[in-house]
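Structure assessment
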Amino acid sequence: MTNHERPDCARINQEIIKLNYAEPWLIVHACSDPGYQPHMEDVLVRCQPRTIIYGALNLLRQSCRAAAEIYNPQYLVHVEADTWVFDQDIIRRYIERLDRQPKAFLAASTWSTDQRTQWRRQQHPFAKAKLGVAKVLNAMGSDFGVKRKQTLSTQFFIARNDPRFFAMLDGIEPTIENTLEYDFYQAFVQTFGKRAVVPITEREPVHPNNRHWCPPLTLHAQHWPEQLPRPPEVPTDGTPMEGVTGQYDIPGKKEVLAAYGFRHPGPAMQRLLDATDTSYYNPKAKRY
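Residues numbered from 1 in each chain as written. Predicted model: local features only at pLDDT ≥ 70, side-chain atom pairs only at ≥ 80, totals over all residues. Heavy atoms only, no water.

Under the annotation held in an unreviewed UniProt entry, the chain carries the name Glycosyl transferase family 2 and is attributed to Dyella acidiphila.

Glancing now at unusual backbone geometry. In this chain, E204 is followed by P205 through a cis amide linkage whose omega measures -20 degrees. Structurally, the position occupied by P205 is in the loop between β10 (197–199) and β11 (213–214). Along the chain, H207 connects to P208 via a cis peptide bond; the corresponding omega equals 0 degrees. Of note, P208 is situated in the loop between β10 and β11. With a phi close to 40 degrees, N282 is a non-glycine residue in the positive phi region. The topology assignment puts N282 in the segment after α9 (267–274). (Helix = DSSP H or I, 4+ residues; strand = E, 2+ residues; numbered from the N terminus.)

In this section: the sheet that holds strand β3 (residues 43–46). The 3 strands lie next to each other as β1-β2-β3, forming an open sheet whose pairing is parallel. Edge positions in the sheet fall to β1 (2–3) and β3, since each has one partner strand and no second. Sheet topology note: the strand β2 (residues 28–31)/β3 ladder contains 4 bridges and is parallel. The residue of β3 that forms the bridge with C31 is R46. On top of the sheet, helix α2 (residues 52–71) reaches β1, β2 and β3; it is set at about 150 degrees to β2, its chief contact. (Pairing = 2+ DSSP bridges. Contact = heavy atoms within 4.5 Å. Axes fitted to C-alpha atoms, helices over the stretch in contact; angles between N-to-C directions.)

What follows covers the nonpolar core. Residues I12, I16, W84, I91, I158 and L257 are the most contacted members of the largest nonpolar core, which totals 39 residues. Broken down by secondary-structure element, the contributors of at least two residues to this core are α1 (7–20), β4 (75–79), β5 (84–85), α3 (88–100), β9 (156–160), α8 (253–260) and α9. The residues touching I12, leaving out its near neighbours within four places in the chain, are W84, L257, A268, M269, L272 and Y281. Within the second largest apolar cluster, 34 residues are counted, among which are L57, L106, V189 and V197. (Core = buried A, V, L, I, M, F, W, Y, C linked by side-chain atoms within 4.5 Å. Buried < 20%, exposed > 50% of the residue type's maximum accessible area, 1.4 Å probe, protein only.)

And the structure:
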């Protein structure tokens, strides 16, 4: 588990795993928040805050390496603090797929973007033409309209514990003009090849519809506590407006916890469920 400025998400994520998963799993938590106090993790690895890409990569390296050195598991399940997977059986299913494919080393989704969503909002004839082409090609099995496919999500993945995996992570040199997901893909494919990835297809494409939550995976990656009220000036059809941002149709962590109804809520989980004022929650994180 990796965490930067998501302390409340991290605590609840630990309670989901420790109190509600059928099989107990160990948690190695790499955290760059100096004010964070240990909760239910088995190992806390404190890291210095860094810029976003270098910081995320450092947390990823530190958490995975500590888990391998201390416990030497067969697989490493990596989640960012605000990325909750409610159903352990879903993770087990992908571990079993990796078991059946000895040449595979990673189960992950891409960090891809569905351009067709934007095309549907545009009134330009060229956009309508591209939608028509996409409809035909998609029916033939093509994923025309989906970009950034040569990426791997670092938000949630399952990796085989292998020395080459750590050598690959250590060798990544972030390219600031790209994303960590792009650099992760390039390094992984160069080391293991494209066929070494078991795709987590339920999340494809990630953007925009599966970025913050993915019901088939019981995955929730939003980091704000409550659903934001939609301002009256924001249209309901998703038309973008200059100067207006926000994920108004995405429930917050409070709503998804209440809807799922965990049998064993921990103290951090219960605090959010009972809160009438959620300003305490992830105070340094953006509220969208």
